[in-house]
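# What the coordinates show
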There are 2 protein chains.
Amino acid sequence: MAANTGGRRARLRQATLAEIHGAVRTLLVERGAAAVTINAVARQVGMSGPALYHYYASHDELVGAVTADFFRELAAAMEEARDAHADAPAGSRILAACRAMRAWAIAHPAEFGWVFASPISPLNRQSDSPRHQAGQRFEQVLLDLTVELWQTRPFPVPDLADLPASLREQLTAYSASIEGRLPPGAAHVFLTCWTRLYGLLCMEVLHQLDFAYTDVEPVFEECLSGIADVLALDRADRPTA
Amino acid sequence: MAANTGGRRARLRQATLAEIHGAVRTLLVERGAAAVTINAVARQVGMSGPALYHYYASHDELVGAVTADFFRELAAAMEEARDAHADAPAGSRILAACRAMRAWAIAHPAEFGWVFASPISPLNRQSDSPRHQAGQRFEQVLLDLTVELWQTRPFPVPDLADLPASLREQLTAYSASIEGRLPPGAAHVFLTCWTRLYGLLCMEVLHQLDFAYTDVEPVFEECLSGIADVLALDRADRPTA
DNA sequence: TAAGTTTTCTAGAGCCATTAAGGAAGCATA
DNA sequence: TATGCTTCCTTAATGGCTCTAGAAAACTTA
C-alpha cells in the first residue's frame, strides 16, 4: 500500500489526496456536513465512489483526516499570531493567539464547527488517529505560551488546600500528564481560562447566543479581558484588538 | 388531519405520538443519534416506515418534536428545584436551578447532547417550531429567577459607559426584547453568567474536557461559585451542593 | 348501512456506505 | 523484451436510508 515516499506514484497519490481533501472541504463549506458523503466527494474528484476506499477505509476516517487538516490550519494560524511579535511578552502573545483562534473560527465557521462542535467518532478518538494527533498539536500552542508566561512572570494561583480533594487529584494528574510543566495550581488557572475561551467560541459557533447577540466580538473581548485579569497581565501586555 | 381534541381517535393519536417519542428516546439513548432513523423508530412502534409520515412530515420535524420534549423535561426539572424552597432567597434558588440543570445533563447525557450540543436544522430554528418554543420556556427559568434577584436584591452592574458601543446597543436591544425586565447593565451580567454556565456544560457534554478532567463536578461548582460572586450572593445564599 | 375520514400498507425512486471481483496501467526484474 | 507484482480504477451488488404515491383497511359518523 504505502509506496516509497519519493517516487512518481507517491507524488501522484499525494496530489489525489490533496484533491480529495479539497473536495471534502468544498462540500462541507458550500453544502453542509450532511453533503460530505463518500459518493459526493468521489464525484467531485471525478472517480467512482468505491475508488475512494483506496485512500480511506471509511467515511469516518476520511472525515477524521480532513478534520486533522483543519486542526493544523488553526494551530498554524495561532502560531503565526504568536510568533508575529516574538519579542513581545508572553501575555500579549497569549491574547494574540486567542484572537487568532476566533478570527479563524469566524472566517471558517463550517470547519470550526466540525473541529469543535461535533461529536467525535470512536475511531477518531483513538490516540493514534490523525485527528487526535493534530488536536494535540493545537492544544500545545496555548499550553506552551502559558508555560512560558508561568516561567517568566508567574501569575497568582489558588491555594491547593482550598480546592476540593477530587479537583486537587485531577489537577495533579493533569500536571503530571504535561510533565509538570505547570504545577497543579497553575494548571488550574490555565484550564479555567481555556474553558472560558473554548466555551464561548463553542456557543457562538453553535448559534446558542443568537437570542441575545448579533455580534459576539465585544463579548469575546470581554472574555479575553477576564482572562488577562486572571493571568495578571500588565496593562501594557494588553493590546487593544 | 387534526381531529377534535376530545374524541377517541384523538386519544389514540396522542397515545401513538407518545409511543413514537418514547421509541425515539430509547433509540437515542441506547444506540446513539445515528440510530434514530424513521425506519428504526417505525419498526420499534410496530408500523412501517412510511406510516410515520402521518405523524411527522420529515425526520427533522420528528427530531425537533422530541428535542422539544427534552427541553420541557429539563425546564421542569429546573422549575422543580427552583420551587422546592419557595421561601428561600432568589440567589440560592438560582444556584439550585443551575445544579438541577447539570444533574439532568449528567443523568441524560444523550438527550442533553441533542438539546444543546448539536447543530440545529433550519426547520427547527424557525420561531414557530416546537423546539424553539420549548427552548424559550427553558431560557425563561433562569431569566425569571435573575429578574427576581434583581428586583429583591440588585447585584452590581458595570457602568454602561465603560462598554463598547456595539455591545451597549446589543444589550439595549436584548433588554427591550425581554420587555425591559432587566436593564441593559443587568442583562449583561445575566448573559455573562449564562454564557459561563452553558459553555462549561457544552464542553463537558462534547467531551472537550476529557483531556484534563475525569469528573467535572468540582469544576462546575467552582463555576457556580464564580457566578455567585458576580451576582453578589450572600454566603448564606450559597448552599453547598 | 353508506359515505367519509384517518390510518396503514406495499411498491418504488433515488440516495447512501461498503464489499467483492476484476480489468488496465505502471514498474521492476529476468 | 517479456513476465509478474502493485496500484488504481471500474462495475455489480447488498442492504440501509428518506420520502412519495396509490391502494387497502379501519374506524367514525350520518
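Residues numbered from 1 in each chain as written. Chains lettered and ligands numbered in written order. Predicted model: local features only at pLDDT ≥ 70, side-chain atom pairs only at ≥ 80, totals over all residues. Heavy atoms only, no water.

## Things to note about the relation of the copies chain B and chain A
- Between chain B and chain A, which share one sequence, the superposing operator has a rotation angle of 180° and an axial displacement of 0.1 Å; the RMSD is 0.1 Å. Taken together, these values place the two copies in the relation of a two-fold axis. Minimal C-alpha separation from the rotation axis in chain B is found for Gly-199 of chain B, amounting to 2.0 Å.
- Interface overlap between copies: 97% of the residues of chain B at the interface are likewise at the interface in chain A, consistent with a symmetric, same-surface contact. (Least-squares fit on C-alpha atoms with pLDDT ≥ 70 in both. Contact = heavy atoms within 4.5 Å.)

## So, the pattern of salt bridges
Residues and elements named next belong to chain A.
- Considering all chains together, one arrives at 20 salt bridges over all chains under this definition.
- Note that Asp-83 is salt-bridged to Arg-82, the shortest N-O span being 2.9 Å.
- Since its relative accessible area comes to 43%, Asp-83 is described here as partly exposed.
- Residue Arg-82 is classed as buried on the basis of its relative accessible area, which comes to 17%.
- Through salt bridges that share partners, Arg-25, Glu-73 and Glu-111 make up one connected network. (Salt bridge = Lys/Arg side-chain N within 4 Å of Asp/Glu carboxyl O. Buried < 20%, exposed > 50% of the residue type's maximum accessible area, 1.4 Å probe, protein only.)

## Some thoughts on the protein's contact with DNA strand C
- Looking at DNA strand C, there are 19 residues lining it, with Ile-38 and Tyr-53 of chain A together with Ser-48, His-54 and Tyr-55 of chain B nearest.
- Here DNA strand C approaches the protein such that, of its atoms within 4 Å, sugar and phosphate make up 67%.
- Between DNA strand C and Thr-37 of chain A, the relevant distance is 3.4 Å, taken from a phosphate oxygen to a side-chain nitrogen or oxygen of the residue.
- At 3.3 Å from a phosphate oxygen of DNA strand C is found a side-chain nitrogen or oxygen belonging to Arg-43 of chain A.
- Listed by contribution, the elements that provide at least two residues to the surface near DNA strand C are helix 1 (8–31) and helix 2 (38–45) of chain A together with helix 1 (8–31) of chain B.
- Sort the elements by how many residues they give to the surface near DNA strand C and helix 2 of chain A lands first, with three residues. (Near = heavy atom within 4 Å. Polar contact = N/O pair within 3.5 Å; in protein donor to acceptor, adjacent residues only side chain to side chain. Helix = DSSP H or I, 4+ residues; strand = E, 2+ residues; numbered from the N terminus.)

## Observations regarding helix 5 (residues 109–116) of chain A
Residues and elements named next belong to chain A.
- Counted residue by residue, helix 5 has six buried out of eight residues, so it is predominantly covered.
- Turning to helix 5, its buried residues are Glu-111, Phe-112, Gly-113, Trp-114, Val-115 and Phe-116.
- Elements that come into contact with the buried residues of helix 5 comprise helix 1, helix 3 (59–84), helix 4 (90–107), helix 7 (130–152) and helix 9 (184–205).

## A short note on the packing of helix 4 of chain A against helix 9 of chain A
Residue and element names in this part refer to chain A.
- Packing of helix 4 against helix 9 leaves a shortest axis separation of 11 Å and a crossing angle of 15°. Taken together, the axis directions place helix 4 and helix 9 in an arrangement best described as roughly parallel. Every pair of crossing elements has a handedness; the one defined by helix 4 and helix 9 is right-handed. Mapping the contact onto sequence places Cys-98, Met-101, Arg-102 and Ile-106 in helix 4 and Trp-194, Leu-197, Leu-201 and Glu-204 in helix 9.
- Counted by class, the contact of helix 4 with helix 9 contains six nonpolar, no polar and two charged residues. (Axes fitted to C-alpha atoms, helices over the stretch in contact; angles between N-to-C directions. Parallel < 35°, antiparallel > 145°, perpendicular 65-115°, else oblique. Left-handed = near helix turned anticlockwise from the far one by under 90°. Nonpolar A, V, L, I, M, F, W, Y, C, P; charged D, E, K, R; others polar.)

## A word on the domain arrangement of chain A
All names here are of chain A.
- Segmentation of chain A into domains returns domain 1 (1–55) and domain 2 (65–237).
- For domain 1 and domain 2, the distance between their C-alpha centroids amounts to 31 Å.
- Taken together, the contacts link seven residues of domain 1 with 10 residues of domain 2.
- Both sides together, the interface formed by domain 1 and domain 2 hides about 700 Å², and carbon and sulfur atoms give 66% of it. (Domains from an automatic or database assignment. Buried area = accessible area lost by both parts, 1.4 Å probe.)

## Some points on helix 8 (residues 165–177) of chain B
- Its 13 residues place the ends of helix 8 of chain B 18 Å apart at the C-alpha level, agreeing with the 18 Å of an ideal helix rising 1.5 Å per residue.
- For helix 8 of chain B, every residue scored as buried is listed here: Leu-167, Gln-170, Leu-171, Tyr-174 and Ser-175 of chain B. In an axial view of helix 8 of chain B, the angular spread of the buried residues amounts to 140°, which keeps them on one side of the axis. Turned more than 90 degrees off the buried face of helix 8 of chain B, the exposed positions are Glu-169 and Ala-176 of chain B.
- Next to the buried residues of helix 8 of chain B lie helix 10 (217–230) of chain A together with helix 7 (130–152) and helix 9 (184–205) of chain B. (Expected span 1.5 Å × (residues − 1). Arc of directions from axis to C-beta.)

## Observations regarding the side chain of Gln-170 of chain A
- Looking at the secondary structure, you find Gln-170 of chain A in helix 8 (residues 165–177).
- Overall, Gln-170 of chain A belongs to the buried group, its relative accessible area being 7%.
- A polar atom in the side chain of Gln-170 of chain A sits 2.8 Å from the backbone nitrogen of Thr-214 of chain B.
- For Gln-170 of chain A, the contacting residues outside a window of four places in its chain are Ala-212, Tyr-213, Thr-214, Asp-215 and Pro-218 of chain B.

## Brief notes about the protein's contact with DNA strand D
- Every one of the 19 residues lining DNA strand D counts as a neighbour, but Arg-13, Ser-48, His-54 and Tyr-55 of chain A together with Ile-38 of chain B are closest to it.
- The sugar-phosphate portion of DNA strand D accounts for 69% of its atoms within 4 Å of the protein, the bases making up the rest.
- The separation between a phosphate oxygen of DNA strand D and a polar side-chain atom of Arg-13 of chain A is 2.6 Å.
- The contact in question runs from a base nitrogen of DNA strand D to an N or O atom on the side chain of His-54 of chain A, over 2.6 Å.
- If you list the elements that add at least two residues to the surface near DNA strand D, you get helix 1 of chain A together with helix 1 and helix 2 (38–45) of chain B.
- At three residues, helix 2 of chain B tops the list of elements feeding residues into the surface near DNA strand D.
- Each residue belonging to the surface near DNA strand D can be placed in one class, and the counts come to eight nonpolar, six polar and five charged.

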